[in-house]
Amino acid sequence: METLQERGDRITQYGIAIEALGKSADYNPTESPAVRVEAGRVRKLLDEYYATEGSSSSYRIELPTGGYTPNFKQADTSQLPWRRLGAKRVQSTGPKIYIASQNPISIRHDGLRSLVYDLRSTLPVMLGKLRTIQIALTDPGHYTRHASNALEYAWQHHQAEFLLQSEASLSGKNFNVRYVLIHTLSREVVWSGDIALQPRHDAQTPTLDPMYQWLMTEVFSLHQGAAMTFWSRYWHKRGQIPSHYQILVEHIRFIQESFSEVHFRDFWIACEKRTRHYNDDSLAHLHYAMACFYAYMLKVDMGMTRMDLEDLWQRQALSSLELNPGNALAHAAFALNCYARGEVELCNVEIQTARNANPLDIYCGRFMAVGLCALGSWESSFALLKTIFGYNSSYPDPLRTVPCLYYFRRSHYSQLAVQENSFNDLGGWNQFGKLVKHCQSGHCQGCLRELSHAVDFLPNASTETNKSDSLLWTAKENVALAKKLIQVK
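Parameters and conventions
Residues numbered from 1 in each chain as written. Predicted model: local features only at pLDDT ≥ 70, side-chain atom pairs only at ≥ 80, totals over all residues. Heavy atoms only, no water. Helix = DSSP H or I, 4+ residues; strand = E, 2+ residues; numbered from the N terminus. Buried < 20%, exposed > 50% of the residue type's maximum accessible area, 1.4 Å probe, protein only. Contact = heavy atoms within 4.5 Å. Areas by Shrake-Rupley, 256 points an atom, 1.4 Å probe, with all protein chains shown as cover. Salt bridge = Lys/Arg side-chain N within 4 Å of Asp/Glu carboxyl O. Pairing = 2+ DSSP bridges. Axes fitted to C-alpha atoms, helices over the stretch in contact; angles between N-to-C directions. 1 Å grid on protein atoms, 1.4 Å probe; cavity = no way out; pocket = protein on both sides within 12 Å on 5 of 7 lines; lining within 4 Å. Points joined across faces, edges and corners; volume = space filled by probe spheres on them. Nonpolar A, V, L, I, M, F, W, Y, C, P; charged D, E, K, R; others polar. Phe/Tyr/Trp six-rings, centres within 6.5 Å; stacked < 30°, edge-to-face > 60°. Lys NZ or Arg CZ within 6 Å of the ring centre and 35° of its normal.

1. Brief notes about the overall build of the protein chain
Next, step 1: A tally of helices and strands in the protein chain yields 22 helices and seven strands.
Next, step 2: When burial is assessed residue by residue, the protein chain has 51% of its 489 residues classed as buried.
Next, step 3: The long-range fraction of contacts in the protein chain, counting pairs at least 24 apart against all pairs at least 6 apart in sequence, stands at 59%.
Next, step 4: For the protein chain, the exposed area adds up to about 23,600 Å²; of that, 51% sits on carbon and sulfur atoms.

2. Considerations on the pattern of salt bridges
Next, step 1: Enumeration according to the criterion identifies eight salt bridges in this entry.
Next, step 2: Linking Arg-253 and Asp-266 is a salt bridge whose minimum nitrogen-to-oxygen distance equals 2.8 Å. With Arg-253 in helix H8 (residues 246-257) and Asp-266 in helix H9 (residues 261-277), the pair connects residues that are 13 residues apart, well separated along the chain.
Next, step 3: Residues Asp-281 and Arg-274 are paired through a salt bridge, measuring 2.9 Å at the closest nitrogen-oxygen approach. Across the pair, Arg-274 and Asp-281 agree in class, each one buried.
Next, step 4: Connected through shared salt-bridge partners, Glu-250, Arg-253 and Asp-266 make up one network.

3. A few points about the sheet that holds strand E5 (residues 162-171)
Next, step 1: Pairing is mixed across the open sheet formed by five strands, whose spatial order is E4-E3-E5-E6-E7. In this open sheet, the two edge strands, each paired with only one partner strand, are strand E4 (134-135) and strand E7 (189-197).
Next, step 2: One ladder, built from ten bridges, connects E5 with strand E6 (residues 174-183); its direction is antiparallel. Within E6, the position partnered with Ser-166 by the bridge is Tyr-179.
Next, step 3: Sitting on the sheet, helix H6 (residues 209-218) touches E6 and E7, and the angle it makes with E7 is about 160°.
Next, step 4: Where helix H7 (residues 226-238) meets the sheet, it contacts E5, E6 and E7, and its direction lies at approximately 175° from that of E7.

4. Thoughts on empty space enclosed by the protein
In this approach, a probe sized like a water molecule rolls over the atoms, and the result shows the empty space that is left.
Next, step 1: Enumeration over the complete set of coordinates arrives at two cavities of 30 Å³ or more.
Next, step 2: Approximately 90 Å³ is the volume attributed to the largest cavity.
Next, step 3: Lining the largest cavity are Lys-129, Leu-130, Thr-132, Phe-220, Ser-221, Leu-222, Asn-327, Ala-328, Leu-329, Asn-358, Asp-361 and Tyr-363.
Next, step 4: Residue composition of the lining of the largest cavity, grouped by class: six nonpolar, four polar and two charged.

5. Digging into the packing of aromatic side chains
Next, step 1: As enumerated under the stated definition, the model contains 17 aromatic pairs in all.
Next, step 2: With a centroid separation of 6.3 Å and an interplanar angle of 70°, the aromatic rings of Phe-162 and Phe-230 are classed as edge-to-face. Of this pair, Phe-162 sits in strand E5 while Phe-230 sits in helix H7; the two residues are 68 residues apart in sequence, bridging distant segments of the chain. This pair shows no difference in class: Phe-162 is buried, exactly as Phe-230 is.
Next, step 3: Ring-pair connections join several aromatic residues into one group, and the members of that group are Phe-254, Phe-264, Phe-267, Trp-268, Tyr-288, Phe-293, Tyr-294, Tyr-296, Trp-313 and Phe-367.
Next, step 4: Its guanidinium or amino end placed over the ring of Tyr-278, Arg-274 lies 3.8 Å from that ring's centre, counting from NZ or CZ.
Next, step 5: The lysine or arginine in question, Arg-306, covers the ring of Tyr-296, its NZ or CZ lying 3.7 Å from the ring centre.

6. Details of the pairing of E6
Next, step 1: Judged by how many residues are buried, E6 sits mostly within the fold: eight of ten residues are covered.
Next, step 2: In textbook terms, the turn of a hairpin is the stretch between consecutive antiparallel strands, and for E5 and E6 this stretch comprises two residues, one of which, Gly-172, has a positive phi near 70°.
Next, step 3: Counting the residues in the hairpin turn of E6 and E7 gives five residues, including Arg-187, whose phi is positive at 65°.

Pasting the structure below:
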C-alpha cells in the first residue's frame, strides 16, 4: 500500500519492526535479525507462488535483496505456456505444522515480550529448512480470534496435522519455553518438553539456536523425531496412505521402526514408483538417493551391480540438487556418493555445503557421519561426529565404531559408551572389540545385531522403549492437557 501510494521510502527495517512485527520503540535493527528473516521468508514465498499457482498472473510482486520496498512488474507469461496446461503437480511432502504462541501484546516484561516476537518470526523459518515438513503460515491475530478452538482452526484453515504450541515464561534470570505438540485429527498429545534459555550478555533475549536444534532433533528429525514417528504410524494404521506421503511414511518406518529388508523394499518401491511418474518431485529424488545409500551400505541385493547402484544413487542425488539446490540433505546424499566413487575432495566440499545450509540439523550431520563410517572413512566420520555433538572424551573412543544404521536411528550407544560404568554395562572391551571387527570388515548387519543386543538389554532399556512407544503420555493425560492448552486464558 505504501509503495502504491508513492510512499515507498517509508518502508524501513525500523518501520516494519514497529508497525508490522510489534517491536518496542527502542528496537535496534543491528541487534535483531527479525525483519531480515521475515523479508527472506517473503521472498521465498513469492518465488514459490509465482513458480506454481501464480505462474499465470499478469503482474508480479518482487522484493529486491537488500531492500524492503516491493516492485510491481507486468509478467511475461508468453514464455511459460506449459504452466497453463493443467493443475499443479502434487509434490511428495510430510505433515504440515501450525505453530502457535501466546499473545505478546499482553506481556509486560520487555525481554519476555521480545522473545515471544522472535519465536513467532524465526521458528517457522528455521523449521522450514528441514524440507520434510510443511509450516503453516500463522495468523498474527490467532489468539484474539481463535484461542478457544486452536485445534479446529489449525486443521480447518490450514489443513495442519499438528499444532505446535509454545509458552515462554521467566524463571529467575533465565527464560523457559514449554512446547506441546498435538495431533489435530486424533487430538492426541504427541510430545511435550521444556527448554531453559539463558539471556545473552549483549541483549535481553537469549540465543535460540539450542532450542531450534533440540526441536529439529527430538521432534521433527527422520531418525528419532516424535512427530514423524506418530505421523508414520498414524497413516499406516489407516491402511491407505496418500500418494504424496508414501515415500516419507515408508522411510520413517524403516529408519525408526525396523531396519528389516521387508520395510526397506517397501520404501524402495515407493521411491521407484514416485520418481517414475513425477520426475520433477525433488523430495522423491532425494529419498531415492538415500535409499540407494542404504542398499549400498547394507549390501541389499536390488538386482543390480554395485556400479549400477552408484550410478542410480548419483542420478537421484543430482536430480534432487537441481530441483532444490538449497536442501542440506540433498548435498549430504551427493557427498556420500562422491566418496563412494572416489571423489574425496568433492565429497568434502559437499559436506561443508550441507553443514552450512542448515548447521542446526544434527540429523543431516549424523547421516553423513554414518555414511562415511560405512564407506570406510573412519577419521572423517569421527571428526564430523565430534563437531556435531561436541564430544571430546577419549574413553575408550567408542565413536570409531559408529553403529551404522542403528546409531543413525537411536544414537544410544555413543551416548552411553563415553562413561565408564555405562560402557561396562554395554559389554566393555570385549563387546567393543566385536564391533570394531564388524565395522572394519564392512559387516554392517553384524554390527547392528551386536548393538541391538547390547543396548536393548541395558537395565533401563525397556523403560526407555516403552516410553517411546507410548509417546510419553497416557490417553487420560492427553485429553486433560489438550483441554488445558486450547482453553481461553
